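Here is what each chain is made of, one letter per residue.
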Amino acid sequence: MFFDTRKINEFAGLNYSQRMLALEIAKGKLTLPKKAVLHTIKFLLIAPVFFLIAGVQSWSVMPWLILLFLLYPIVTKPLTIYFVRGYLAESVEQVKQG
């Protein structure tokens, strides 16, 4: 699993904004079933935390919300890269062409 897009071979020589654009293009190429599975996994990761937080009626929940806000991309980015890895080379070519 890749946690950093700089370590992906297809992204060699691209700056941050180009890597993110290529990743977005690759996500757009996902088939509907793959998109559904990816979004379902993301939902299953975040929903239990929100249900636990919803039961708390005080400000003590704020540190958990901040932690969730910070950790969510760290967990979901590798999942997204895993699902789009077959489309990365093609999306990088599109970014390089302009």
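Each residue is numbered by its place in its chain's sequence as written, counting from 1. Predicted model: local features are reported for residues with pLDDT of at least 70 only, side-chain atom pairs are reported and counted for 80 or more only, and whole-chain, interface and lining totals are derived from all residues. Neither water nor hydrogens contribute to the side-chain values; these are computed over all heavy atoms in the structure.

(A) Structural view of the overall build of the protein chain. Only runs of H or I of at least four residues qualify as helices and only runs of E of at least two qualify as strands under DSSP, and these elements are numbered from the N terminus. Helices and strands together make up the secondary structure of the protein chain, namely 4 helices and 0 strands. Written out in order from the N terminus, the α and β elements of the protein chain read α-α-α-α. For 98 residues, the compact-globule estimate of 2.2 N^0.38 gives 13 Å, and the protein chain exceeds it by more than 25% at 16 Å. Viewed in the frame of its principal axes, the protein chain has a C-alpha envelope of about 50 × 30 × 20 Å. Within these notes, the globule rule equals 2.2 Å times the number of residues to the 0.38 power, and the radius of gyration is based on C-alpha atoms.

(B) Quick look at the pattern of salt bridges. Any carboxyl oxygen of Asp or Glu that lies within 4 Å of a side-chain nitrogen of Lys or Arg is treated as forming a salt bridge with it. Applying the stated criterion across every chain yields a total of 2 salt bridges. A salt bridge links Lys27 to Glu24, with the nearest nitrogen and oxygen atoms 2.9 Å apart. With Lys27 and Glu24 both in helix α1 (residues 16-28), this residue pair falls 3 residues apart, about one helical turn. For Glu90, the salt bridge identified is with Lys29, shortest N-O distance 2.7 Å.

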